[in-house]
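# Close look at the chain arrangement
Given next are the chains, with one letter for each unit.
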Amino acid sequence: EADGKITHEQYVQYAVEPITPKLSETEQGCGSSGAPYFCQYVVSTILNDPAFGAETDDRVRALRQDGLTIQTTLDWRMQDAAQTTMNENTPQSVEGMKFGSSAVSLEAKTGRVLAIAQNTKFTQDPELAQSDSSYNSIVFAGDSTNGGSIGFSVGSTFKLFTLVDWLEKGHSLNETLNGRLQPVPNMTNSCQGNWVNPGGVRINNFANNQGYVGTPMMFTRDSLNTGYLAMAAELDLCDIANVVKKLGVKTGDGKEILMQNANEVIGSDNVSPIAMAGAYATVANGGNQCQPKVIDKVTTADGEE
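Below is a summary of the structure that appears in this document. Being a predicted model, the structure only gives us computed values, none of them experimental. (Residues numbered from 1 in each chain as written. Predicted model: local features only at pLDDT ≥ 70, side-chain atom pairs only at ≥ 80, totals over all residues. Heavy atoms only, no water.)

What follows deals with unusual backbone geometry. Of note, the phi angle at Ser-223 is positive, near 45°, even though the residue is not glycine. Phi is positive for Met-259, which is not a glycine, with a value near 55°. For Met-259, the location among the structural elements is in the loop between helix 9 (237–246) and strand 11 (270–271). Residue classification places Met-259 among the buried residues on the basis of a relative accessible area of 0%. (Helix = DSSP H or I, 4+ residues; strand = E, 2+ residues; numbered from the N terminus. Buried < 20%, exposed > 50% of the residue type's maximum accessible area, 1.4 Å probe, protein only.)

Structural data, given as structure tokens:
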């Protein structure tokens, strides 16, 4: 054995033992990634971006066969923290409903997406996803183009756009408005036609809050629906829609948000979490918008950028 050879006895022992291969299926695509939904969003981005080829077939070939090196914006520290928090706080499924949760971390000064966490387990097996709602290949953080989701009902995060328009029109955070629970009779929309309240409908606050006379600062602190409706009633819904557009937000299925009724002020549209993260990042970045991106650099097989 000193010369690195086995003994005759060892040879006989192993020669007579039957060989039993241990086969393990290889994971294709993003299933083998430690951040599968981030990976899937990157794949979606490549398959939908003409920069990778004019036709879909060209883009598929670029992704699968061209030997590209694709450097993403993923930050593993952020990703691991986000996914750990997601696992600790949200179940993978809830009986009797379609339950989805997503977390996106964005670098405000660059638009680089640092993390995408999700409550479900990743699979590209449609039968498994159909039979068990804890499995999914849809990226909840994305939209119908990138990730295959239509977004989430945006809710009160959407009040940002009314607040920005309020300030852009020269209003103060300390003006006094009647934010009590009452029907708003109408709202101006100089582009789509004014909204008129059908039959004096009242839009409620959370937990039956009756509202109060207060300021936009207080309404924002309490996320008071009736306060924000009072603000929007003094503005033009078309201007608020332009703020939405300016901050890079559309519906999850790619349509312009037109602000045609009062419910939209408090977030009745479906919007992707990445788009909303981008809008808030624009505010954090002093009003400079950086489009959310997941790819830093692509190098060809020959080393060309």
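Before going further, it helps to spend a moment on helix 8 (residues 225–233). The element helix 8 is extensively covered by neighbouring structure, given that eight of its nine residues are classed as buried. Of all the positions in helix 8, only Asn-225, Thr-226, Gly-227, Tyr-228, Leu-229, Ala-230, Met-231 and Ala-232 are classed as buried. Turning to helix 8, the residues buried within the fold contact helix 6 (159–168), strand 7 (177–180), strand 8 (186–187), strand 10 (211–214), helix 7 (216–222) and helix 9. (Contact = heavy atoms within 4.5 Å.)

All right, on to helix 6 then. Burial runs high along helix 6: eight of the ten residues are buried. All of the buried residues in helix 6 are Lys-159, Leu-160, Phe-161, Thr-162, Leu-163, Val-164, Asp-165 and Trp-166. The inward-facing, buried residues of helix 6 contact strand 7, helix 7, helix 8, helix 9 and helix 10 (273–284).

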